[in-house]
Each structure stands twice: as C-alpha cells, then as structure tokens.
Amino acid sequence: LPISICSYCGHKYLSPRYPDSFYREFFKKEYGKSLFKKTNPTKKYLKFQKERGERVYSFLNKFLKEQNNSKLLDHGTATGLALVPWLKNNWDCFGIDPHKPSVEYAQNQGLNVKYGYGEKLPYKSNNFEVILSLGSFEHAYDVNKTFKEFNRTLKKNGILFLRWRSDKLSGSPLEYYNYVTNRYFTKNSLLNLLSKHNFKITKFINTKIEGYDTFEYIIAKKNNK
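Novice: Even after reading the chapter, I still don't get the environment of Leu121, so can you show me in this structure?
Specialist: One can find Leu121 in the loop between β5 (113-115) and β6 (128-134). Along the backbone, Leu121 and Thr186 are 65 residues apart, and their C-alpha atoms lie at a distance of 26 Å. Excluding its chain neighbours within four sequence positions, the residues that come into contact with Leu121 are Leu73, Ile96, Glu149, Phe150, Arg152 and Thr153.

Novice: It is not clear to me how the sheet that holds strand β10 (residues 215-222) should be interpreted in this structure. Could you clarify?
Specialist: Working definition: the strands of a sheet are paired by backbone hydrogen bonds and lie parallel or antiparallel to each other. Strand order across the open sheet formed by seven strands is β5-β4-β3-β6-β7-β10-β9, with mixed pairing between neighbours. A strand with exactly one partner marks an edge of an open sheet, and here the two such strands are β5 and β9 (199-205). Mean inter-strand twist for the sheet, computed between neighbouring axes without regard to direction, equals 20°. Note: β9 against β10, six bridges, orientation antiparallel. In the sheet register, Lys200 faces β10, and the bridge partner there is Lys221. The strands touched by helix α5 (residues 143-153) within the sheet are β3 (71-75), β6, β7 (154-165), β9 and β10, with β7 carrying the most contacts at an inclination of about 145°.

Novice: Sorry, what's going on with the nonpolar core here?
Specialist: When a protein is soluble and globular, its nonpolar side chains tend to lie buried together. Ranked by size, the top nonpolar core spans 26 residues in total, and within it Leu72, Trp86, Trp91 and Phe161 carry the most contacts. Elements with a contribution of two residues or more to this core: α2 (43-60), α4 (100-108), β6, β7 and β10. In terms of residues, this core owes the most to one element, α2, which gives five residues. Excluding its chain neighbours within four sequence positions, the residues that come into contact with Phe161 are Val56, Leu60, Ile131, Leu132, Ser133, Leu134, Ile205, Ile209, Tyr217, Ile218 and Ile219. Grouped together as the second largest cluster of nonpolar side chains are 23 residues, Phe137, Val143, Leu162 and Phe199 included.

Parameters at a glance
Residues numbered from 1 in each chain as written. Predicted model: local features only at pLDDT ≥ 70, side-chain atom pairs only at ≥ 80, totals over all residues. Heavy atoms only, no water. Helix = DSSP H or I, 4+ residues; strand = E, 2+ residues; numbered from the N terminus. Contact = heavy atoms within 4.5 Å. Pairing = 2+ DSSP bridges. Axes fitted to C-alpha atoms, helices over the stretch in contact; angles between N-to-C directions. Core = buried A, V, L, I, M, F, W, Y, C linked by side-chain atoms within 4.5 Å. Buried < 20%, exposed > 50% of the residue type's maximum accessible area, 1.4 Å probe, protein only.

Structure (structure tokens):
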C-alpha cells in the first residue's frame, strides 16, 4: 500500500487511500471478518474483550482518583465488554463503535453502546470526565474531527486515555500497513495533534497493559481554555 511519511514529525499514513464511503461500508459489517474471521464476535473475542477491560481498568483507575465514579466514553468499544469492570465499580459508561454486529451484541447485553463514528459523537458538550480510545483513533478517517469531538465532549480537566501502536516495527509489516489503519503516530506527531486540540500530555506509558509489546499509552488532560 502507498505510504507517505512526514519529514517534519515522522507521521506515517496511507496516501492515497480509499474514500470515506468505503470505510463506512467496510466497518459496518465486514470489519468483523478481518478481526475474528466471521461477521459476529466469537467466544474467543468476547473473552479477550472482558480481559482487556479488566486490565485497563486495573491499571488506569489509580490515575483517576479525581474522576472516580464519573462518566466514561469508550471510543471504538466493539462489544462493550471492556466497560464491565468500570460499571461494576459504579462508573456511568457509554460506548460507540462502527461495527454493527458488535454494537447489537452490546445492546443485547444491556450496555449503553451506540453505532457511530468519532468524527460526530452523539453526545452533548462537556459530558464526560474520561474518554478511552484504545487504538481506535488510528482508524479514524478524519483524525482532526475526531479529536475536536473528544475535546468538545470532555469536561474541563477531563482525561483522554489513548493506546497507540509504536512506530517501531515488530513482527509482520502487515500488522501495520493495511487498509483498515489509516496512520501510525510517533511521539512527536501525537504531541502535535494533542496540542492542536487543546490537550496536555501528563504521562507516556510503555507498560504492557494489554500484553502486547507494540502498544504504548498516553494520559492527556483537556486544558481549561
């Protein structure tokens, strides 16, 4: 696939890429086949979602004392099962995802998950204390609109927790350069993006929270401007 690299910050991205209409149709249903080889979530994937949620909650909760038991949005929540440990600890949880079978599964479980995209979040402004985006923002067609929405829907001093895939290749390049992931960040390009949308990074984390060598994390806070 055609890859461009910014000579200033090292940001890597597909250029040219498929139109937004392609991705909207793809993520609606076919994305599941690329993820778990069939349209609907498998038992193995559901188990992974639960375990991922427990790992992220256990690690991140200690940084969220001021926001404890508040409103949380999981951007790219899939089946929503990663929200379960937060719900058990009295958080008011919401999720959004573009894969309809996963959203339907979440809704059948009684989880507050909507079908949609980060570029236009169906929530009012200044609504959440915490937003999680565990790699999902790398799939966003318009990442600037997505981060503008993160800023709009977060309250002042709200926390944005990001998982990004390190730009250091590990394993097959197909894990990185594929048609479902639009871009790969460096720390510099993430700093630029977050600063542009009025966020301040408070912590870089390279702990293997979800058990993967190539995943890194950022805690950022919305500025009071």
